[in-house]
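Residue strings, one per chain:
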Amino acid sequence: MAEGRVQNKVAVITGAASGLGLAAARRLAEEGARVIMADINAEAGAAEASQITGAIFVQHDVTSESSWQRLVDDVVKDFGSLDVLLNCAGIVQLASIEDTSDELWKKINAVGTDGTFYGCKHALRVMKQQGAGSIINMCSTASIQGGPFIFAYAASKSAIRGMTKSIACLCSQKGYGVRCNSIHPGNMATPMLKNMYDIVRVHDPVTADQMDAMWVGDPGDVANMVLFLASDESRAVNGAEMVVDNTATITEGFVPK
Ligand SMILES: NC(=O)c1ccc[n+]([C@@H]2O[C@H](COP(=O)([O-])OP(=O)(O)OC[C@H]3O[C@@H](n4cnc5c(N)ncnc54)[C@H](O)[C@@H]3O)[C@@H](O)[C@H]2O)c1
């Protein structure tokens, strides 16, 4: 059988029980990776992992640094290396700055900003010793465009974008052999997006009708970008922001179906 594009690479994916993380887990496993699917949702995560050859599930809360320490150390002990980390766990709740409480701000940033910070920090700790590794951070077009009702989410994704570039610069300056890139999907058909659309439909049917007329991407398209960044094919790509949005950012979101 032909070698896969990420044959035998050890990949940790957070948020892997659903949506984009799940699609990435399937795609990397198809291409020969050994995938550790990490998610706070143990029931869905274990069920999905049982359907994917080459994947296992580990319950993990990205907001806890001690959980990250344990996960990374266990992966290196059990699999011998950590070659790829996809920070994909994320949550969103619609609110403008005017409606964003301190609690909501902290909740969204705990998963997105803190979770990605801890993940990058602990992955880098082992990847630099290996002299190789690929860290991939799931951002969003929200970090490029913002949006009136995604205040904390856009801020968190912008923080992740900045972290990504800073890590990439450090790694290239120090010659660590580690790459760090971000992916910026437009609207993708996942449970997160469906939930958002359902909420908009209840509060603002006119906007919901407009949203229904717009392009929505397939999680598999984002998974293919993850595959490229995880593989050695992208060895010269470092600190880049890979937009997967069928022009949404350059057409102000108006991409017809
Ligand atoms: N769907 C889109 O249109 C879209 C667009 C741009 C960016 N994104 C980003 O892609 C990522 C995945 O989104 P999705 O649409 O697949 O969402 P999703 O809700 O389908 O999946 C998110 C997963 O993250 C997990 N999670 C939440 N909190 C966690 C925690 N504390 N620790 C570990 N896991 C946790 C959830 O259990 C869930 O399985 C997110 O970072 C999101 O912001 C999504």
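Residues numbered from 1 in each chain as written. Predicted model: local features only at pLDDT ≥ 70, side-chain atom pairs only at ≥ 80, totals over all residues. Heavy atoms only, no water.

Caption draft 1: Local environment of the site of the ligand. Within the structure, the ligand sits among 30 residues, and Ser-18, Asp-39, Tyr-153, Met-188 and Thr-190 are positioned closest to it. In the model, an oxygen atom of the ligand is placed 2.6 Å from a nitrogen or oxygen of the Ser-18 side chain. His-60 is positioned such that a nitrogen or oxygen atom in its backbone is 3.5 Å from a nitrogen atom of the ligand. Within the complex, 91% of the 830 Å² of free accessible area of the ligand lies under protein. The element best represented in the shell around the ligand is helix α7 (residues 191-203), accounting for three residues. Considering only residue class, the shell around the ligand consists of 16 nonpolar, eleven polar and three charged. (Near = heavy atom within 4 Å. Polar contact = N/O pair within 3.5 Å; in protein donor to acceptor, adjacent residues only side chain to side chain. Areas by Shrake-Rupley, 256 points an atom, 1.4 Å probe, with all protein chains shown as cover. Helix = DSSP H or I, 4+ residues; strand = E, 2+ residues; numbered from the N terminus. Nonpolar A, V, L, I, M, F, W, Y, C, P; charged D, E, K, R; others polar.)

Caption draft 2: The packing of α7 against helix α8 (residues 205-212), seen in detail. Two numbers describe how α7 lies on α8: the axes approach to 6 Å, and their chain directions differ by 140°. Taken together, the axis directions place α7 and α8 in an arrangement best described as oblique. For the pair α7 and α8, the contacting residues are Tyr-197, Val-200, Arg-201 and His-203 in the first and Pro-205, Thr-207, Ala-208, Asp-209, Met-211 and Asp-212 in the second. Residues belonging to the contact of α7 with α8 are distributed by class as follows: five nonpolar, two polar and three charged. (Axes fitted to C-alpha atoms, helices over the stretch in contact; angles between N-to-C directions. Parallel < 35°, antiparallel > 145°, perpendicular 65-115°, else oblique. Contact = heavy atoms within 4.5 Å.)

Caption draft 3: Structural detail: the sheet that holds strand β1 (residues 10-14). Strand order across the open sheet formed by seven strands is β3-β2-β1-β4-β5-β6-β7, with parallel pairing between neighbours. Of all the strands in the sheet, just β3 (55-59) and β7 (241-244) have a single pairing partner and so form its edges. Going from strand to strand, the sheet's axes swing by 20° on average, the running direction of each strand aside. As paired elements, β1 and strand β2 (residues 34-39) share five bridges and run parallel to each other. Looking at β2, one finds that Ala-11 is bridged to Val-35. Set on the sheet, helix α1 (residues 19-30) makes contact with β1, β2, β4 (84-87), β5 (133-138) and β6 (178-185); between it and β1 the angle comes to about 165°. (Pairing = 2+ DSSP bridges.)

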